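Report on the structure
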Amino acid sequence: MAQEGADMTAETDCMIDKNVGSGEPSRNVKEMRAVMLSGFGGLNKLRVTKKLMPEPQRGEVKIRVKTCGLNFLDLMVRQGTIDSPPKPPLVPGFECCGIVESVGKTTERFEIGDRVMAFVNYNAWAEVVCTPEEFVYKLPDEMTFAEAAAFALNFVAAYMMLFEVANLREGMSVLVFSAGGAVGQAVAQLCSTVPNVTVFGVASILKHVAIRDSVTHLFDRNTDYIQEVKKISPEGVDIVLDCLCGENTGKGLSLLKPLGMYVVYGASNMVTGETKSFFSFAKSWWQVEKVNPIKLYEENKVMAGFSLPNLLFKQGGSGMVKSVMDRLLRLYNQKKIKPVVDSLWALEEVKEAMQRIHDRGNIGKLILDMEKSPTPLMASDSTETSEAGEEEEEPEGDNDSKERMPFIH
């Protein structure tokens, strides 16, 4: 184990290519640091390396990145469990924020020096990003870069599911799984902007103290929360927001009122290990497939799906998203909503940050901070992270019984 620990330390120290992140100016000004995913699999597939800096094309904005958002979706990209991912090697990440460094021809809405946040169709986890101006938004003066990286994807997704898909109105009730996550916290805040909305939250018991004031009723995800909800609201709830899928889908549907809306926006139950598991995927798929469409119409229940990246990059929804962003920024300026930041991580700590998401340890959003220096791992034995990411033969013994120390800053 001592040798394995030494190997892991060496791996962590060598994650960056020579002279990258050392504080010395690069001789080649066209190079930048970026997180590279070499192939689908465990944490060992991630490296911070040098990459040629992009230049803006027609209609694009070049952004000197300050912070990036890290989402559960990025974990699924790493494992290759999303539909039709690009072939690696690739730079992950769907959102970032920073300062406009230059603009391409025909770009009209932004100038050099503007503070912005942006959606990116991959390639966000890098020091410089180029993206079409239709996916870029100016930051309010009071919004920090950390807040901005916790704002765009989560609040836009939460708003569109609540108001565009489910038509949330006064007096309704909402059940949200993973209430302690970044989207869950955005949902809770947006519900508070509508009078008399009851929010039922499901989360790990370890998060209850931190988030109990953000929802009306909070339940442990490992208990029979169905019966607990029915004790409070025997008729059920109007809206269910499900990022888990699998067996939770049937449970959530059983709580839905007639004419209620069930929105699926993720499938994190399919992610049980560090690499893609066919068994977990098949199990979740089978459980979801048990949803009977005939029963849906007999019970007057509605199911919907929502994917913000697909809406933006595949379905031409940028105009709709911009309208939603305008409304959200007004709510932010009115101090009615505020992003919840879990922790800041250096780019070189991307493995540890992703492990924290995998362990479902975050409350709010994890942020990659380009200007943050790496800090030593708090875990005394860092081999746990290494073993989780490697695709080598497992050592003898019951590894499932080991408890992983969370990497908390």
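The structure we're discussing is the one just above.
All of the points below concern the structure found in this document.

Cut-off values and rules
- Residues numbered from 1 in each chain as written.
- Predicted model: local features only at pLDDT ≥ 70, side-chain atom pairs only at ≥ 80, totals over all residues.
- Heavy atoms only, no water.
- Buried < 20%, exposed > 50% of the residue type's maximum accessible area, 1.4 Å probe, protein only.
- Helix = DSSP H or I, 4+ residues; strand = E, 2+ residues; numbered from the N terminus.
- Arc of directions from axis to C-beta.
- Contact = heavy atoms within 4.5 Å.
- Phe/Tyr/Trp six-rings, centres within 6.5 Å; stacked < 30°, edge-to-face > 60°.
- Lys NZ or Arg CZ within 6 Å of the ring centre and 35° of its normal.
- Salt bridge = Lys/Arg side-chain N within 4 Å of Asp/Glu carboxyl O.

Take helix 8 (residues 247–254) next. Turning to helix 8, its buried residues number three or more, namely Asn248, Thr249, Gly252 and Leu253. The arc that holds every buried residue of helix 8, seen down its axis, measures 135°, which confines them to one face.

On to the environment of Thr198, then. Mapped onto the elements, Thr198 comes out in strand 9 (residues 198–203). Among the residues examined, Thr198 registers a relative accessible area of 25% and is labelled partly exposed. Sequence separation of Thr198 and His217 is 19 residues, and the distance between their C-alpha atoms is 8.0 Å. Among residues more than four places away in sequence, those in contact with Thr198 are Met172, Ser173, Val174, Thr216 and His217.

Scanning the entire structure with this criterion turns up 8 aromatic pairs. Centre to centre, the rings of Phe151 and Tyr332 are 6.1 Å apart; their planes meet at 80°, and the pair counts as edge-to-face. Taken together, the residues Phe151 in the loop between helix 3 (145–149) and helix 4 (152–165) and Tyr332 in helix 12 (residues 318–333) connect sequence positions 181 residues apart. Seen in terms of ring centroids, Phe200 and Phe219 are 6.2 Å apart; in terms of plane orientation they differ by 10°. Their pairing is stacked. Here Phe200 is found in strand 9, whereas its partner Phe219 is found in strand 10 (residues 217–220), with 19 residues between them in sequence. For the pair Phe200 and Phe219, a shared accessibility class is recorded, and that class is buried. The ring centre of Phe145 lies 4.9 Å from the NZ or CZ of Arg115, which sits over that ring.

Another aspect to go through is the pattern of salt bridges. The full count for this structure, using the stated rule, is 21 salt bridges. Between Glu299 and Lys295 there is a salt bridge whose closest N-O contact spans 3.9 Å. The partly exposed category is assigned to Lys295, whose relative accessible area is 45%. The residue Asp342 makes a salt bridge to Arg356 at a minimum N-O spacing of 2.9 Å. Of this pair, Asp342 sits in strand 14 (residues 341–346) while Arg356 sits in helix 13 (residues 350–358), placing them 14 residues apart in sequence. Exposure remark for Asp342: the relative accessible area of 19% places this residue in the buried category. Accessibility expressed as a relative area gives 8% for Arg356, which makes it buried.

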